[in-house]
Amino acid sequence: MLLKKAHTSCPRSGSLCSNIILRSIGEKGDAGSEEFELHLKWVPDEHSRNFLKAFTMEHNLGMREKGKSIIIYNQQPQTRE
């Protein structure tokens, strides 16, 4: 969904995502865990970066850039006491 929406929103983007890796970061054996990191080998142009920031905020996700990669991850839910 992210990449389809990015392509539609940024049709003239000069930057390309060349590799995608989805990693589960939840506790092993926890079938209900939805903790993940999506690693995109991508140095986005400004238009694509703005789209990614808006997309992650809209879907309550986090985003960080690391070298020539972007990591999108789900936010840790607040524990209730």
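Residues numbered from 1 in each chain as written. Predicted model: local features only at pLDDT ≥ 70, side-chain atom pairs only at ≥ 80, totals over all residues. Heavy atoms only, no water.

S.K.: Requested: an account of the overall build of the protein chain, with residues and values cited.
M.R.: When helices and strands are counted, the protein chain shows 2 helices and 4 strands. Going from the N terminus to the C terminus, the protein chain shows its helices and strands as α-β-β-α-β-β. Taken over 81 residues, the protein chain has a buried fraction of 31%. Counted over contacts in the protein chain with a minimum sequence separation of 6, partners at least 24 positions apart contribute 50%. As presented, the protein chain carries roughly 6,300 Å² of accessible surface, and 51% of it is formed by carbon and sulfur atoms. (Helix = DSSP H or I, 4+ residues; strand = E, 2+ residues; numbered from the N terminus. Buried < 20%, exposed > 50% of the residue type's maximum accessible area, 1.4 Å probe, protein only. Contact = heavy atoms within 4.5 Å. Areas by Shrake-Rupley, 256 points an atom, 1.4 Å probe, with all protein chains shown as cover.)

S.K.: Report on the nonpolar core, specifying residues and quantitative values.
M.R.: Across soluble globular proteins, nonpolar side chains have a tendency to be buried as a group. Listed in full, the 11 residues of the largest apolar core are Leu2, Ala6, Leu38, Leu40, Trp42, Phe51, Leu52, Phe55, Leu61, Ile70 and Ile72. In terms of residue count, helix α2 (residues 46–58) provides more of this core than any other element does, 3 residues in total. (Core = buried A, V, L, I, M, F, W, Y, C linked by side-chain atoms within 4.5 Å.)

S.K.: Could you give me a rundown of the packing of aromatic side chains, with the residues and numbers involved?
M.R.: The full count for this structure, using the stated rule, is 1 aromatic pair. Consider the rings of phenylalanine 51 and phenylalanine 55, whose centres lie 5.8 Å apart with planes at 40°: the pair is tilted. You can see phenylalanine 51 and its partner phenylalanine 55 sitting in helix α2, 4 residues apart, about one turn around the helix. Taking the relative accessible area as the measure of exposure, phenylalanine 55 reaches 5% and is therefore buried. (Phe/Tyr/Trp six-rings, centres within 6.5 Å; stacked < 30°, edge-to-face > 60°.)

S.K.: Let's hear about the sheet that holds strand β2 (residues 36–41): which residues, and what values?
M.R.: With antiparallel pairing, 4 strands are arranged side by side in an open sheet as β1-β2-β4-β3. Two strands in the sheet have a free side with no partner beyond their single neighbour: β1 (19–24) and β3 (61–66). If you compare each strand with its neighbour and ignore which way they point, the axes differ by 20° on average. The pairing of β1 with β2 spans 6 bridges and is classified as antiparallel. The partner of isoleucine 21 across the bridge, within β2, is histidine 39. With respect to the sheet, α2 is in contact with β3 and β4 (69–74), its orientation differing from that of β3 by roughly 150°. (Pairing = 2+ DSSP bridges. Axes fitted to C-alpha atoms, helices over the stretch in contact; angles between N-to-C directions.)

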